Amino acid sequence: MDTVLERELSFDLTEDQKMIRDSVKEFVERNVADTVMERDNSKEFPHEIVKQLGELGMLGIYHEEQYGGGGFDVVSFCLALEEIARWDASLALTVASHTSLGTGHIAVAGSHEQKLKYMPALTSGEQLAAWCLTEPGSGSDASGMKTTAVKDGDHYIINGSKIFITQGSVGDIYIVLAKTDPSKGTKGISAFIVEGKWDGVNPGPGMHKLGMNSSDTTEVVFENVKVPAENLLGDEGMGFVDTMKVLDGGRVGIAALSVGIARGAYEEALKYSMERKQFGTAIGNFQYMEGKIVDMATEIEAARLLVLRAALLKDKGKPYTVEASMAKLFASELSVRAALESIQIHGGYGYTKEYHVERFLRDAKLMTIGEGTSEVQRLVIARELKKTLS
C-alpha cells in the first residue's frame, strides 16, 4: 500500500536496511497476510512460517556472524519487525522474543563456548528459545521470584515454575532465571541455559488469551532439573543485572512491533474510509474523519523515529535505557489508540471478525504489558531523568 508512511525517513537508510525491510515486507504480503485470520482463529503456532523466516535469516538478524547470526544491525531488526507486525503481531512476537530475549540473553552474557554451542541452531531457526523470567507470584517485581537453583557438585538443581512464557511449549532452549542465593535479593539471581529435552522440564498447555493467539504462551514447571555448572549463563548472582540489559533490547523490539500494529490499524482505516460512502461521499472526506487519520499517521511517524533512535544508540554501543523505555511506552500505547480509532472508523464492521481491526486491538493490548508495563516504563524514565539533576 503506497502511503505517506513509506516516504523516506529524515535520515537515510543504508542499502542493507532497505533490502531487509523490503524483502520482509514482500515475504509477509506473500506468505502471511492471507492466512493471518485463520491462524488467529485456530490458535495454531505457525511452525512452517517460522522455519521460513529462519531460512531468511530473520531469527538471528543482528547477532554476530561467527555464531550463525546475520551480522546486521538492530535498526534492520526493527524495520523487519514492523513489517511482520503490520499483518501478524503474533508472528512478530515470536521473532522478537526468540531473537531479543532468548537468544539475546546468550549473546549478552554467554561465554564464547556457550555461544558456539547454542547460538547457531537458534539463529538459524533450527531451534527456538524461550526466556523464563515471570512467575505466577512475581511480574514486575522480579526479586520476588521463588524459583531456586541449588549447587550440587558440578550441577545446579532447579525447581520452580514460570508463567506467560513465549515459546513455552514449542521452545527447545530455555533461559531460566533462578535464585542461587535467596538472602541477597536481586543480587542472588542467576541465569541458566536449560535444554527442553532434559528431565523435569514440563511445559503446560497453551494459555487462553485475549490476543496474540498464534503465539505460543504457556506455564513451564521445572522439577529437580539437573543443569551442568557450565550452563550457568554469566556470573553467579549477575542474572538480574544481565536481565536488565536484555530487557532494554527487548523493549526496542516490542516498540517496533507496536509501530507495526499501529500502522496496520492506520492503513486499514485509511483504505476503508475512502471506500465507505455515507451521505453521497466517502467518509474519509469528512473533516472529523480526516483529523483521526492525520493524528494516527503523525503519531506513527513519531513512534517510528523513537524506535529507530533507540535502535541506533544500541547499534553504536551507547546507553539507551531511557530511549528504549520512551519508545516502548509511546509506541505501545499508540498501538492501542490506533486500533481503537480504526475500529471506530470501521463502525459496526470494525467490531466483527470480518475485518482485521478487532484483532489489532486484541493484539495491541499486550504491548502495554509485556517486557515491562507502561507503569514500569514511566518509573524507568523518571529514574533516568532524575539522574540529570545530580
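Please refer to the structure higher up on the page.
The paragraphs below set out a description of the structure included in this document. What you see is a predicted model; the values in this text were computed from it and never measured.

Our next topic: the overall build of the protein. The helix and strand tally for the protein stands at 11 helices and 10 strands. Computed over C-alpha atoms, the radius of gyration of the protein comes to 21 Å, within 12% of the 21 Å expected from 2.2 N^0.38 for 390 residues, which places it in the range of a compact globule. Across its three principal axes, the protein shows a C-alpha extent of roughly 80 × 50 × 40 Å. Evaluated residue by residue, the protein yields a buried proportion of 56% over its 390 residues. For the protein, restricting intrachain contacts to residue pairs at least 6 apart in sequence, the fraction spanning at least 24 positions comes to 75%. Looking at the protein, you have 42 positive and 56 negative side-chain charges, and the mean spots of the two groups are 5 Å apart.

Here we take up the pattern of salt bridges. For the coordinates displayed, the defined rule picks out 23 salt bridges. Residue Arg 263 is joined to Glu 82 by a salt bridge in which the shortest nitrogen-to-oxygen separation is 2.9 Å. Of this pair, Arg 263 sits in helix α7 (residues 239-275) while Glu 82 sits in helix α4 (residues 74-87); the two residues are 181 residues apart in sequence, bridging distant segments of the chain. We note a salt bridge from Glu 267 to Arg 263, for which the minimum N-O separation is 3.1 Å. Linking Glu 267 with Arg 263, this pair stays in helix α7, spanning 4 residues, or about one helical turn. We classify Glu 267 as buried; its relative accessible area is 2%.

What follows deals with the side chain of Thr 99. Examined against the element boundaries, Thr 99 turns out to sit in helix α5 (residues 89-109). There is a polar contact of 2.7 Å between the side chain of Thr 99 and the backbone oxygen of Val 95. When residues no more than four places from it in sequence are discounted, the contact partners of Thr 99 are Met 58, Leu 59, Tyr 62, His 63, Phe 77 and Gly 104.

Once that is clear, we can look at the packing of α7 against helix α9 (residues 321-346). Close contact between α7 and α9 brings their axes to 8 Å; oriented N to C, the two are set at 20°. When the interaxial angle is binned, α7 and α9 end up roughly parallel. In this structure, the crossing between α7 and α9 has a hand that is left-handed. A class-by-class count of the residues in the contact of α7 with α9 yields 16 nonpolar, 8 polar and 4 charged.

Turning our eyes to something else, we now look at α4. Compared with the 20 Å implied by 1.5 Å per residue over 14 residues, the 21 Å span of α4 between its first and last C-alpha is a close match. Across the 14 residues of α4, 14 count as buried, placing the element largely inside the fold.

Our focus in this paragraph is the nonpolar core. Of all hydrophobic cores here, the largest spans 73 residues; its most connected members are Leu 257 and Ile 261. Secondary structure elements with two or more residues in this core: α1 (15-31), α3 (47-55), α4, α5, α7, α8 (287-315), α9 and α10 (357-367). Leu 101, Ile 106, Ala 109 and Met 119 belong to the second largest nonpolar core, which has 22 residues in total.

This next bit is on the packing of aromatic side chains. Enumeration over the complete set of coordinates arrives at 6 aromatic pairs. Considering the side-chain rings of Tyr 174 and Phe 222, the 6.1 Å spacing of their centres and the 85° angle between planes classify their relative orientation as edge-to-face. Here the residue Tyr 174 occupies a position in strand β4 (residues 173-179), and Phe 222 occupies one in strand β7 (residues 217-228), the gap between them amounting to 48 residues. Overall, the relative accessible area of 2% leaves Tyr 174 in the buried class. Residue classification places Phe 222 among the buried residues on the basis of a relative accessible area of 1%.

Quick look at helix α6 (residues 112-123) now. Between the first and last C-alpha of α6 there are 15 Å, a value that for 12 residues agrees with the 16 Å anticipated at 1.5 Å per step. Structurally, α6 contributes buried residues whose contacts are with α5, β1 (129-132), β4, β5 (189-195) and β8 (232-233). Within two residues after α6, Gly 125 carries a phi angle of roughly 85°, on the positive side.

Position of Ser 215 among the secondary structure elements: in the loop between β6 (201-206) and β7. C-alpha separation for the pair Ser 215 and Arg 39, spaced 176 residues apart in sequence, amounts to 9.6 Å. Ignoring any residue separated from it by four or fewer positions in sequence, one finds Ser 215 in contact with Ser 90, Leu 93, Thr 94, Thr 166 and Lys 209.

Time to look at unusual backbone geometry. A positive phi angle, near 70°, is found at Gln 167, a position not held by glycine. Mapped onto the elements of the fold, Gln 167 is located in the loop between β3 (155-166) and β4. Residue classification places Gln 167 among the buried residues on the basis of a relative accessible area of 0%.

Cut-offs used in this document
- Residues numbered from 1 in each chain as written.
- Predicted model: local features only at pLDDT ≥ 70, side-chain atom pairs only at ≥ 80, totals over all residues.
- Heavy atoms only, no water.
- Helix = DSSP H or I, 4+ residues; strand = E, 2+ residues; numbered from the N terminus.
- Rg over C-alpha atoms; globule rule 2.2 N^0.38 Å.
- Buried < 20%, exposed > 50% of the residue type's maximum accessible area, 1.4 Å probe, protein only.
- Contact = heavy atoms within 4.5 Å.
- Lys, Arg positive; Asp, Glu negative; His and termini not counted.
- Charge placed at Lys NZ, Arg CZ, Asp CG, Glu CD.
- Salt bridge = Lys/Arg side-chain N within 4 Å of Asp/Glu carboxyl O.
- Polar contact = N/O pair within 3.5 Å; in protein donor to acceptor, adjacent residues only side chain to side chain.
- Axes fitted to C-alpha atoms, helices over the stretch in contact; angles between N-to-C directions.
- Parallel < 35°, antiparallel > 145°, perpendicular 65-115°, else oblique.
- Left-handed = near helix turned anticlockwise from the far one by under 90°.
- Nonpolar A, V, L, I, M, F, W, Y, C, P; charged D, E, K, R; others polar.
- Expected span 1.5 Å × (residues − 1).
- Core = buried A, V, L, I, M, F, W, Y, C linked by side-chain atoms within 4.5 Å.
- Phe/Tyr/Trp six-rings, centres within 6.5 Å; stacked < 30°, edge-to-face > 60°.

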